[in-house]
Every structure is written in C-alpha cells, then in structure tokens.
Amino acid sequence: MLPPGVPHDGRTVTASGFRKRNLYLDDSVLPQRWAGRAVNAPVLDDGLLRHRIHQLHATLAHAGDGFEAESRLSFIRERLHFHLVALQPRTPGHEANRLAAELRELLDSRIHTGISLHEAAAILHAHPTHLIRCFKQTYGLPPHTYLTGRRIDQARRLLLDGSGSNGS
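A quick note: this is a predicted structure, and the numbers were derived from the prediction, not measured.

### Section: helix H6 (residues 128-139)
Helix length check: H6 (12 residues) gives 16 Å between terminal C-alpha atoms against 16 Å at 1.5 Å per residue, within 8%. Of the surrounding secondary structure, the elements contacted by the buried residues of H6 are helix H3 (66-85), helix H4 (96-109), helix H5 (117-124) and helix H7 (143-160). Positive backbone phi, approximately 80°, marks Gly140, located one or two places after H6.

### Notes on the packing of aromatic side chains
Considering all chains together, one arrives at 2 aromatic pairs under this definition. Each ring, one from Phe135 and one from Tyr139, has its centre 4.8 Å from the other, and the planes form 50°; the classification is tilted. Placement of the pair is Phe135 and Tyr139 together in helix H6, with a separation of 4 residues, close to one helical turn. Through pairs of rings, three or more aromatic residues link up here, namely Phe135, Tyr139 and Tyr146.

### Here's the deal with the pattern of salt bridges
Counted under the stated rule, the structure contains 7 salt bridges. Across the salt bridge formed by Glu102 and Arg98, the nearest N and O atoms sit 3.3 Å from each other. With Glu102 and Arg98 both in helix H4, this residue pair falls 4 residues apart, about one helical turn. For Glu102, a relative accessible area of 28% translates into the label partly exposed. Residue class for Arg98 comes out partly exposed when judged on its relative accessible area of 45%. Here Arg150 ties to Asp108 by a salt bridge, and the two come within 2.9 Å at their closest N and O atoms. Of the two residues, Arg150 sits in helix H7 while Asp108 sits in helix H4, which places them 42 residues apart along the sequence. Asp108 gets classed as partly exposed once you look at its relative accessible area, which sits at 29%.

### As for the packing of H4 against H5
Where H4 meets H5, the axes come as close as 11 Å, and the angle between the chain directions of the two elements is 125°. Relative to H5, the element H4 lies oblique. At the point where H4 passes H5, the crossing takes the right-handed sense. Contact residues: H4 offers Leu99, Glu102, Leu103 and Leu106, while H5 offers Ala120, Ile123 and Leu124. Considered class by class, the residues forming the contact of H4 with H5 number 6 nonpolar, no polar and 1 charged.

About the cut-offs
- Residues numbered from 1 in each chain as written.
- Predicted model: local features only at pLDDT ≥ 70, side-chain atom pairs only at ≥ 80, totals over all residues.
- Heavy atoms only, no water.
- Helix = DSSP H or I, 4+ residues; strand = E, 2+ residues; numbered from the N terminus.
- Expected span 1.5 Å × (residues − 1).
- Contact = heavy atoms within 4.5 Å.
- Phe/Tyr/Trp six-rings, centres within 6.5 Å; stacked < 30°, edge-to-face > 60°.
- Salt bridge = Lys/Arg side-chain N within 4 Å of Asp/Glu carboxyl O.
- Buried < 20%, exposed > 50% of the residue type's maximum accessible area, 1.4 Å probe, protein only.
- Axes fitted to C-alpha atoms, helices over the stretch in contact; angles between N-to-C directions.
- Parallel < 35°, antiparallel > 145°, perpendicular 65-115°, else oblique.
- Left-handed = near helix turned anticlockwise from the far one by under 90°.
- Nonpolar A, V, L, I, M, F, W, Y, C, P; charged D, E, K, R; others polar.

Printed below as a string of structure tokens:
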C-alpha cells in the first residue's frame, strides 16, 4: 500500500515475488494526513482488507450500479482507517433499526434516479459503513443487494404488465 505520489522501485517485499492488481485511491479514501503512516508501514497483513479489495475488484469488473462498488470502497476506507489511525468501527446500536428504515425509504424513493452511498449518508447524518451495518443487521442483507432486488421486482412487474414489450 502506497499513497499517491510516493515513489516505488518495483522490488518485491519477499523473495517469492508477487502478483499485482492496483487499486488507486484518491485523497477522499486515503487522505494525505494518513500518508506518513502508510509510507512507514506499506505492507498490511490483513486478510479482511485483502478480501474486501478483491470484492471491490470483482465488482468493478462488471459494469453496473455504482452503489455496490461505493459500499465496498467505504469498507476498505474504514479498514485503512483502522490500521492507519487505529480506531475501531462502531457496532450498530439502538439506532440501527431507525437508520435502516430511513435508508430503505430513501432507496425506495430513488429506485429510478439512484443515489450514492455518500449522499445517503449525508442525508441520514451517518457514516457510510455504519449505515450499511445497520441495514444489514436489520434486514439481513446489504443495501446494494436490497436495491438490486427492488429494481428487479419493478422490472418484472413492468414486463408482466406488458409495459416492457415492444409490441411484437
């Protein structure tokens, strides 16, 4: 892990070499104030972070709704924050059901126009990953999966009503 603008000579950390996939994070994900710590410890032995980065790469490989990619990136940012600033993520508390219900209403109202995770978090005054955790704790699935399901249900209704046919 190297912050933007930090030179690297391409050498491997171990003699066994490496397989490389790049994920370039801008200052909104990896702020400059974290850069010093990232340079001091560029290798993180964190299976969860590696898994989350892999999930993001898989999501980005398929064009589609950016909400899932934004959700996955938010968890990566939180994990980097954990390592570089040493703060623990907050577990959903008594407000989880309320926040989840508010997010669900917001998603339902924006099925056609869409909404970004950061916009939803700003509207609901909650951190993006906390919002995702509250939703998952309350409904048993992440909000991007819920939104995809709602869109599929809506498309199915339109097709069954004949609205999706081209008249042939």
